[in-house]
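Structural overview for review
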Amino acid sequence: KKHLMSVVKNTAAIILRDGFTIFANLVISIILARTLGPDLFGVWFIFLTLFILLDTIFRTKSETCSVYFSASGLMEVHDLERNLLIITFVSVILMFFTFFFGFDFIYKYFFINLDNDYVLHLKLLFFTICFSFVGTIYFYLWLGKENFKFYNFSILGQAIVNLIFIICLTIIYPGTIW
């Protein structure tokens, strides 16, 4: 019975976390759609698409295995962390090769018919995704430790920070992606 209550409690926390995150993302989308207009909102979605593509291609998803290894006690957390960071480092190196040798192709493919220059934006996207990879490692390590409260707090915190940044940046730079 105690185990069942724990499952119910964790499930309720996940539902609340996801509900708030979905709501925050909806508010962000509405703010951006209303302030950017259809053309720039489309550019915003190009960047989101590129982020998802880079994540899908270059993040090995090995951190999901860390939950099993950590929770089962088959590996120490510091060994998991070291191995995941090495794998991520190799992924980032491969992504930088793509960046240096394929940047022009990627830029032309996605941005050729647009009036504005988004080269710096795309470079920043490549740079920031590296931090996303490292952050994802630690999120999964926290899950492996069954630290659901901290994990949920991190996801909620990210949604709140994103919402605050979007609101502030749309006030400071109305009608632009910056």
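Scroll up to find the structure.
**As for the pattern of salt bridges**
By the definition in use, this model includes 4 salt bridges. A salt bridge links Asp55 to Arg59; the shortest N-O distance between them is 2.8 Å. Both residues of the pair, Asp55 and Arg59, belong to the buried class. In this structure, Asp79 engages Arg82 in a salt bridge whose closest nitrogen and oxygen atoms are separated by 3.2 Å. Taken as a pair, Asp79 and Arg82 lie in helix 3 (residues 77-111) at a separation of 3 residues, close to a single helical turn. Using a relative accessible area of 23% as the deciding quantity, one classes Asp79 as partly exposed. Judged by relative accessible area, Arg82 falls into the partly exposed class, the value being 45%. Residues joined in a network through salt bridges with shared partners are Asp55, Arg59 and Glu63.

**Things to note about unusual backbone geometry**
Of note in the backbone geometry, Lys61 takes a positive phi value of approximately 70° without being a glycine. On the secondary structure map, Lys61 appears in the loop between helix 1 (2-58) and helix 2 (63-72). Of the residues examined, Lys61 reaches a relative accessible area of 28% and is grouped as partly exposed.

Calculation notes
By convention here, each chain's residues receive numbers from 1 onward along its written sequence. Per-residue local features of the predicted model are confined to residues with pLDDT of at least 70, and side-chain atom pairs are confined, for both listing and counting, to 80 or more; whole-chain, interface and lining totals are unaffected and use all residues. Working from all heavy atoms in the structure, the side-chain values ignore hydrogens and water. The salt bridge definition used is simple: a Lys or Arg side-chain nitrogen within 4 Å of an Asp or Glu carboxyl oxygen. A 1.4 Å probe rolled over the protein chains alone gives each residue an accessible area, and that area as a share of the maximum for its type sets the label: buried under 20%, exposed over 50%, partly exposed in between. The helix and strand labels rest on DSSP assignments: H or I over at least four residues marks a helix, E over at least two residues marks a strand, and numbering proceeds from the N terminus.

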